[in-house]
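# Residue-level structural notes
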Amino acid sequence: MAGKLVGSTAGAIAEAVRTGAATPSDAVREHLEQIEALNDRVGAFLRVRHDKALAEAEAVAARPDLAELPLAGVPVAIKDNVQVEGEPTRFGSPQTSTEPAEQDHEVVKRLRDAGAVVVGITRLPELGVWGTTEDVWGVARNPWNLELTPGGSSGGSAAAVAAAMVPAAHGNDGLGSIRIPSACCGLFGLKPGFGVVPSGVGRTSWRGLAENGPLATTVDDAALLLSVMAGDPALASVEPPAEKLRVAISTKSPLAGVKVDPEILATVDATAKLLSEAGHSVTRADPPYSQSTANAIVAWFTVATADETKGLDESKLEPRQRRHAQIGRTLERLGRVREKDRDRWKERAGEFFTKFDVLVLPVTTRQPLQATGWPDLSWRANFWRNARWAPFAGAWNFAQYPGASVPAGMHSSGTPMAVQLVAPTGGEALLLSVAKQLEQARPWPRHAPLAGVD
């Protein structure tokens, strides 16, 4: 039986701690019990910080500013590709250093300064490359269906939140790695635009593709975490839009020849109807995708992986990672990784957004892939199955625009569906506002039944 705080929102837990209705130790202990009960089945956590987390909870309780902390006593999970002081940062690979980090990543520091307690480190695929989350130590599974993936590469974080092991979690997104797991697990997840939240993911933040952000069960919780990560308290206050917005609706895949599940198409249409009924101007309009832009994104993606393999024994990496890095180095040597390609896409995307405030589109073309077996497949099989499944996110990393995944009903297979929202630079508050309007119009289940809390 889950504890009384398990299944609560981050905002509710923080309020209970600030007012003395609960202690940080209560919140952390109950969530550690939930992790102990479910993690062997779900595989969300690579490492659980049981004793350290309880000690940190006691330290939060002793802080003189406890009553002012926005995340007072809130248990959170951190993806295993940013530094947590005292913990090794493994990037999903046994070839990385086992030495503990000497200090927190800035995002982790901000969360802890706000009163959050890191209860564990979540799983990702090796080097964070893929949209499924399986590493040499285990498999993260979707709490809605344990045979399916929770998505990737922030799949461990998404599974932890959907199973109520934590109320919210940290993730990062280089080609959809917050939005895809959020869609798979029925969560709200937001990738901020460039420079809003400190990045520092790996060596080069995937050459500017990757950003840190939150995964949560409600828009308000994601906004709360984002406000702390960004150092901008104003982001925590979210209301539906007061003004009429120009909304573009598109289901065109950036990858030619890819078909979208009819149920996902229908949920995009239903979202368009909700926004129209809310008073917004809704128009069918496709972003200016092109094959040259798709090729450029692939080039940046592969060379970013090559950056991350420097200093590692590549011969001991998974074969799919080795091949990915080799392709990246070849493309860079051939001059295929060019800043002008991103500049050209940014210019075209910017022109599109002179006509619209928000874009609504799918996150994936169909429901989640299988959970296991991916490291045993060839690079080609991994690449094309991932690309055809989740082609909608990467263009907006390339543009460095903010994007979010919003739950949007249930598929006939029993797993959640989602839509993606995109806005131009500086549009994080706008995305939160539109998502809040959708949340009010079409509430979603906050956890998978396996969590035992809803």
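Heads up: these notes are all about the structure in this document. Numbering of residues starts from 1 in every chain and runs along the sequence as written. Residues qualify for local features only when their pLDDT is at least 70, as the model is predicted, and side-chain atom pairs are given and counted only at 80 or more; totals for whole chains, interfaces and linings, by contrast, use all residues. Each side-chain value is derived from all of the structure's non-hydrogen atoms; neither hydrogens nor water enter the calculation.

### Let's talk about the pairing of strand 9 (residues 246–249)
Direction of pairing for strand 9 relative to strand 10 (residues 281–284): parallel, over a ladder of 4 bridges. Across the sheet, residue I249 finds its bridge partner in strand 10, namely R284. Each parallel crossover has a hand, and for strand 9 linked through helix 9 (residues 262–277) to strand 10 it is right-handed. Where strand 9 and strand 11 (residues 358–362) come together, 3 bridges link them in parallel fashion. Counted as the bridge partner of I249 is V360 from strand 11. Two strands qualify as a pair provided DSSP detects at least 2 bridges between them. Numbering of helices and strands runs from the N terminus; a helix is a DSSP stretch of H or I covering at least four residues, while a strand is a stretch of E covering at least two. With the strands pointing away from the viewer, any crossover whose connection runs clockwise from the first strand over the helix to the second is right-handed.

### Quick look at the nonpolar core
Throughout, nonpolar core names a set of buried Ala, Val, Leu, Ile, Met, Phe, Trp, Tyr and Cys residues whose side chains join them through atoms within 4.5 Å. Burial classes follow relative accessibility: with a 1.4 Å probe on protein chains only, a residue under 20% of its type's maximum area counts as buried, one over 50% as exposed, and anything between as partly exposed. Judged by nonpolar contacts, the single largest core of 56 residues is most densely connected at L71, I78, L111, F188, V406, L421 and L432. Broken down by element, this core gets its largest block of residues, 9 residues, from helix 8 (residues 219–230). Setting aside chain neighbours within four positions, we find L111 in contact with L71, I78, A116, L225, V228 and M229. In terms of nonpolar packing, the next biggest core, distinct from the first, is built from 43 residues, W130, V201, I297 and M417 among them. Two residues form a contact once any of their heavy atoms are found within 4.5 Å.

### Looking at unusual backbone geometry
In this model, G152 is joined to S153 through a cis peptide bond whose omega is 5 degrees. With respect to the helices and strands, the residue S153 is situated in the loop between strand 5 (138–139) and helix 5 (155–162). Positioned with a positive phi, F91 is a non-glycine residue whose angle comes to about 55 degrees. Within the element layout of this structure, F91 appears in the loop between strand 2 (75–79) and helix 4 (106–113).

### Comments concerning the packing of aromatic side chains
Geometrically, a pair of aromatic rings is defined through the distance of the ring centres and the angle of the planes. Ring pairs are drawn from Phe, Tyr and Trp, using the six-membered ring of Trp, whenever the two centres fall within 6.5 Å, and their geometry is named by plane angle: stacked under 30 degrees, edge-to-face over 60, tilted for the rest. If you walk through the whole model with that rule in mind, you get 11 aromatic pairs. For the ring pair F352 and F353, a centre distance of 5.3 Å and an interplane angle of 85 degrees mean the geometry is edge-to-face. We classify F353 as buried; its relative accessible area is 7%. Between W379 and F383, the ring centres sit 5.0 Å apart and the planes meet at 20 degrees, which makes this aromatic pair stacked. Note that W379 and F383 are positioned in helix 13 (residues 379–389) at a spacing of 4 residues, about one turn of the helix. Comparing W379 with F383, the two get one shared label, buried. Three or more aromatic residues joined by ring pairs make a cluster, and in this case those are Y289, W345, F352, F353, F356, W396 and Y401.

### Considerations on helix 5
Structurally, the α-helix is built with 3.6 residues per turn, so residues lying three or four positions apart point the same way. For helix 5, the buried fraction is high: 8 of the 8 residues fall into the buried class. Following helix 5 by one or two positions, A164 has its phi on the positive side, about 60 degrees.

### What about the pairing of strand 13 (residues 416–422)?
With respect to burial, strand 13 is a largely interior element, 7 of its 7 residues being buried. Alternating positions in strand 13 separate into two faces, P416, A418, Q420 and V422 on one and M417, V419 and L421 on the other, with burial throughout. The antiparallel hairpin formed by strand 12 (residues 403–410) and strand 13 contains 5 residues in its connecting segment, where G414 sits at a positive phi of about 95 degrees.

### So, helix 12 (residues 339–352)
By this rule, a helix spans an expected 1.5 Å times one less than how many residues it contains. Taking 1.5 Å of rise per residue, the 14 residues of helix 12 would be expected to cover 20 Å, and the 20 Å separating its terminal C-alpha atoms lies within 8% of that figure. For helix 12, the set of buried residues is D341, R342, W345, A349 and F352. Down the axis of helix 12, the buried set is contained in an arc of 95 degrees. They therefore lie on one face. Of the surrounding secondary structure, the elements contacted by the buried residues of helix 12 are helix 7 (205–208), strand 9, helix 10 (291–308), strand 11 and helix 14 (394–398). Relevant arc is that of directions from the helix axis to the C-beta atoms, nothing else.

### Digging into the environment of R388
One can find R388 in helix 13. Each C-alpha atom of the pair R388 and T364 lies 8.5 Å from the other, and the pair is 24 residues apart in sequence. Setting aside residues up to four positions removed in sequence, R388 forms contacts with L255, V258 and T365.

### Quick word on the packing of helix 2 (residues 24–42) against helix 3 (residues 50–61)
Between helix 2 and helix 3, the least distance of the axes is 8 Å, while the angle of their chain directions is 160 degrees. The orientation of helix 2 with respect to helix 3, classified from their angle, is roughly antiparallel. Handedness of the crossing formed by helix 2 with helix 3: right-handed. Residues P24, S25, V28, R29 and L32 of helix 2 form the contact with helix 3, whose participating residues are H50, A53, L54, A57, E58, V60 and A61. Three classes are used, and their members are as follows: Ala, Val, Leu, Ile, Met, Phe, Trp, Tyr, Cys and Pro are nonpolar, Asp, Glu, Lys and Arg are charged, and the others, Gly among them, are polar. Within the contact of helix 2 with helix 3, the residues separate by chemical class into 8 nonpolar, 2 polar and 2 charged. Each axis is a line fitted through C-alpha atoms, taken for helices only over the stretch in contact, and angles between the N-to-C directions span 0 to 180 degrees. The labels follow the angle: roughly parallel below 35 degrees, roughly antiparallel above 145, roughly perpendicular from 65 to 115, and oblique for the rest. Working rule for handedness: look at the near helix, and if it is turned counterclockwise from the far one by less than a right angle, call the crossing left-handed; if clockwise, right-handed.

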